[in-house]
Amino acid sequence: MDKKSHHRVLILGSGAAGLTAAIYAARADLAPVMIEGSQPGGQLTITTDVENYPGFPKGILGPELMEEFKKQAERFGTKMVFGDVTAVDLKKTPFEVTVGKDLYTCDALIVATGATAKLLGIPSEKLLMGYGVSACATCDGFFFKDKEVVVVGGGDTAMEEALFLTKFATKVTVVHRRNELRASKIMQDRAESNPKIAFLWDTVIDEILGDPKNGGVVGVKLKNVKSGSVQDFKTDGVFVAIGHEPNTKLFKGQLDMDEFGYLVTKSGSTATNIPGVFACGDVQDRVYRQAITAAGTGCMSAIDVERYLETLKHQH
Ligand code: NDP
């Protein structure tokens, strides 16, 4: 180990949950240290307009909102560490968190590692990722000016991506595996009334066609799940928007998880099965997954930590 340091509270993850926890923990004089992770700012940094975060009646860009959160956390003394956690040992006290060659120990830990976009899992998707296949319209939409794209999925993310892509693409085709959308009514209405957006129902992508060395994506092989019929469909890009997976691999065998891998917290609290370890945001929320709920549970976890550290003091 190159460096070793001890802290009262460590926060893993720098999205809406982690940064809110940091604001509260820092204001409670706990001098929190935040390990930012591989995507500083979390999922909001790959979003465009956030229209439902209270306090911003005109909306705000996701990355901008996270920048404001970060400034607020730093203002009260949160220390940011750029890096990705490589191992945790929660069986030891103090808890051990490894970031590359550095070891951090802490009395209390806040896990706010969030969730990551899911992929289809077909070989051609991996092969053509970055060559016409993307999981982030905000990041890559610009490359599809005057082109035709496909969006996979039927949830709010898929509708949001499809709507965003109409700013660039001439045509956006939503490919959904059922004949009914999962997205909220308002997003469905917006997508369905956009003349650039078309829908293909009961359809999945069997294969993505194209050569990464020769122009990338040229089309997709579509399968109708009801009739079984297969057709080639011409497209320049494929945006995968089929939901998310919690970032909990590091905690396997240490923290309790549900069947989907989300961390389990005690009802009405952010406590995990290990005293002193708290979880907030999307890593423990399969249901709501909103910036405001992530921030809300982030606040809860900092208050839970404060109380936990108080009880520790009385035990010594
Ligand atoms: P969801 O889980 O809501 O939707 C995922 C979609 O992808 C579903 O339609 C699902 O189909 C489909 N899908 C899943 N796996 C596959 C697969 N392997 N192949 C093909 N299709 C697949 O995820 P979202 O990311 O859309 O939304 C997550 C949460 O975030 C929701 O609560 C949503 O409301 C919220 N959100 C809100 C936004 C907003 O309000 N502006 C924007 C973005 C997200 P099926 O329906 O058949 O299960």
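Draft legend 1. Structural detail: the site of the ligand. Surveying the vicinity of the ligand reveals 19 residues, the closest of which are Asp156, Thr157, Arg177, Arg178 and Arg182. Taking Gly155, its main chain carries an N or O atom lying 3.4 Å from an oxygen atom of the ligand. In the model, a nitrogen atom of the ligand is placed 3.4 Å from a nitrogen or oxygen of the Glu160 side chain. Relative to its free-state accessible area of 920 Å², the ligand is covered by the protein chains to the extent of 78%. Counting residues per element, the shell around the ligand draws most heavily on helix H5 (residues 156–165), which supplies three residues. Considered class by class, the residues forming the shell around the ligand number four nonpolar, nine polar and six charged. Taken domain by domain, the shell around the ligand gets at least three of its residues from each of domain 1 (4–116 + 244–315) and domain 2 (119–240).

Draft legend 2. Quick peek at the sheet that holds strand E13 (residues 197–200). Reading across from one edge, E10-E17-E11-E12-E13 is the order of the five strands in this open sheet, with parallel pairing throughout. This sheet does not close on itself; its edge strands, each paired only once, are strand E10 (133–134) and E13. Across the sheet, H5 is in contact with strand E11 (148–152), strand E12 (171–175), E13 and strand E17 (237–240); its angle to E11 comes to roughly 170°.

Draft legend 3. Structural view of the domain arrangement of the protein. Domain annotation of the protein identifies domain 1 (4–116 + 244–315) and domain 2 (119–240). Summarising the inter-unit geometry, the C-alpha centres of domain 1 and domain 2 are found 32 Å apart. Contacts between the two partners involve six residues from domain 1 and, on the opposite side, seven residues from domain 2. Interface area for domain 1 against domain 2, summed over the two sides, is near 480 Å², with a carbon-plus-sulfur share of 54%. Of the charged contacts, one joins Glu51 and Arg190 as a salt bridge, the two residues approaching to 3.5 Å between their closest N and O atoms.

Draft legend 4. Main features of the nonpolar core. Counting residues in each nonpolar core, the largest one holds 34 residues, and the members touching the most others are Leu65, Phe69 and Val305. If you list the elements that add at least two residues to this core, you get strand E1 (3–12), helix H1 (16–27), helix H2 (62–75), strand E8 (102–111) and helix H7 (291–315). Counting residues per element, this core draws most heavily on H7, which supplies eight residues. Once residues lying within four places of it in the same chain are set aside, the contact partners of Phe69 are Ala16, Leu19, Thr20, Ile23, Tyr53 and Ala295.

Draft legend 5. Quick look at the sheet that holds strand E15 (residues 216–224). Spatial strand order, E14-E15-E16: three strands in an open sheet with antiparallel pairing. The sheet is open, and its two borders are formed by strand E14 (203–211) and strand E16 (230–234), each paired with just one other strand. Across the sheet, the mean angle from the axis of one strand to that of its neighbour is 25°, orientation sign disregarded. Relative to E16, E15 runs antiparallel, the two sharing five bridges.

Draft legend 6. Seen up close, the packing of aromatic side chains. In the structure shown here, the tally under the stated rule is eight aromatic pairs. Relative to Phe143, the ring of Phe142 has its centre 6.4 Å away and its plane inclined at 75°; by these criteria the two rings are edge-to-face. The residues Phe142 and Phe143 share a single accessibility class, namely exposed. Clustering of aromatic rings is evident, with ring pairs tying together Phe142, Phe143, Phe164 and Phe168. For the cation-ring pair, Arg27 lies above Phe76, with the distance from its terminal atom to the ring centre recorded as 5.3 Å.

Draft legend 7. Here's a closer look at the side chain of Ser134. Counting through the fold element by element, Ser134 comes out in strand E10. For Ser134, a relative accessible area of 2% corresponds to the buried category. Look past the residues within four positions of Ser134 in its chain and what remains in contact with it is Met129, Asp140, Val238, Phe239 and Val240.

Basis of the calculations
Residues numbered from 1 in each chain as written. Predicted model: local features only at pLDDT ≥ 70, side-chain atom pairs only at ≥ 80, totals over all residues. Heavy atoms only, no water. Near = heavy atom within 4 Å. Polar contact = N/O pair within 3.5 Å; in protein donor to acceptor, adjacent residues only side chain to side chain. Areas by Shrake-Rupley, 256 points an atom, 1.4 Å probe, with all protein chains shown as cover. Helix = DSSP H or I, 4+ residues; strand = E, 2+ residues; numbered from the N terminus. Nonpolar A, V, L, I, M, F, W, Y, C, P; charged D, E, K, R; others polar. Domains from an automatic or database assignment. Pairing = 2+ DSSP bridges. Contact = heavy atoms within 4.5 Å. Axes fitted to C-alpha atoms, helices over the stretch in contact; angles between N-to-C directions. Buried area = accessible area lost by both parts, 1.4 Å probe. Salt bridge = Lys/Arg side-chain N within 4 Å of Asp/Glu carboxyl O. Core = buried A, V, L, I, M, F, W, Y, C linked by side-chain atoms within 4.5 Å. Buried < 20%, exposed > 50% of the residue type's maximum accessible area, 1.4 Å probe, protein only. Phe/Tyr/Trp six-rings, centres within 6.5 Å; stacked < 30°, edge-to-face > 60°. Lys NZ or Arg CZ within 6 Å of the ring centre and 35° of its normal.

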